[in-house]
Amino acid sequence: MSADRINLHATAITVDEIGILFVGPSGSGKSSLAFAFLTEARYAGQSSALIADDQIFVSQQQDGTIIAERPASIAGLLELRGSGIVRLDSIEKATLHYAVMVLAPNDKHERLPPENEMYALPCGGQLPVIRIPLQCHNPWARFRTLVSNSLYA
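This structure is a prediction, so every number in the text was calculated from the model and none was measured.

(A) Local environment of the environment of Ala68. When you line up the elements, Ala68 lands in strand β6 (residues 66–69). Each C-alpha atom of the pair Ala68 and Asn106 lies 30 Å from the other, and the pair is 38 residues apart in sequence. For Ala68, the residues in contact, after removing those within four places along its chain, are Ala12, Ile51, Ile56, Phe57, Val58, Glu92, Lys93, Ala94 and Leu96.

(B) View of unusual backbone geometry. Its identity as a non-glycine residue notwithstanding, Asp54 has a phi of 80°, on the positive side. Positionally, Asp54 belongs in the loop between β4 (48–52) and β5 (56–60). Positive phi, normally seen in glycine, also occurs at Asn138, with a value near 55°. Mapped onto the elements of the fold, Asn138 is located in the loop between β12 (126–133) and α2 (139–148).

(C) Structural detail: the sheet that holds strand β3 (residues 18–23). One open sheet accounts for six strands, arranged β4-β2-β3-β10-β12-β11; its pairing is mixed. Both edges of this open sheet fall to β4 and β11 (118–120), since each of them pairs with a single strand only. Averaged over all adjacent pairs, the angle separating strand axes in this sheet is 35°, with direction ignored. Sheet topology places strand β10 (residues 98–103) next to β12; five bridges connect them, and they run parallel. Residue pairing across strands places Ala99 opposite Val129, the latter belonging to β12. Docked against the sheet, α2 engages β2 (11–15), β3, β10 and β12, running at close to 135° with respect to β12.

Rules behind the numbers
Residues numbered from 1 in each chain as written. Predicted model: local features only at pLDDT ≥ 70, side-chain atom pairs only at ≥ 80, totals over all residues. Heavy atoms only, no water. Helix = DSSP H or I, 4+ residues; strand = E, 2+ residues; numbered from the N terminus. Contact = heavy atoms within 4.5 Å. Pairing = 2+ DSSP bridges. Axes fitted to C-alpha atoms, helices over the stretch in contact; angles between N-to-C directions.

As structure tokens, this is what we get:
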């Protein structure tokens, strides 16, 4: 593992072995959107698990792979703002494949995202960005559709 193991203010999950990092400012809805992905995937019969909420360790391997690890003190815990902390199935670490940028309802965004947008990690490396509105119906379905689109493959 790289010596550059960085603690990020983010949330990370896996769904069917796809590692997803949720990024955005504090209070933007990272945890809520991650929870929506997890529950929607679970209802669809897909395996899903939390890596960590709020704090995540990321590092870049020598082969360029990005690894996310949870701090032991918050294993399996996710905060649903205004509702409390819930306990979820979780895993210790996983490879990350995408960064989801949470779009808050009051933020102004362009109709189309920048082409080939990447999220630069402070540990080195980058992840393709998928933008998902916080108020999106079926956010996991939207994510899957965007990823299967050749623009994100």
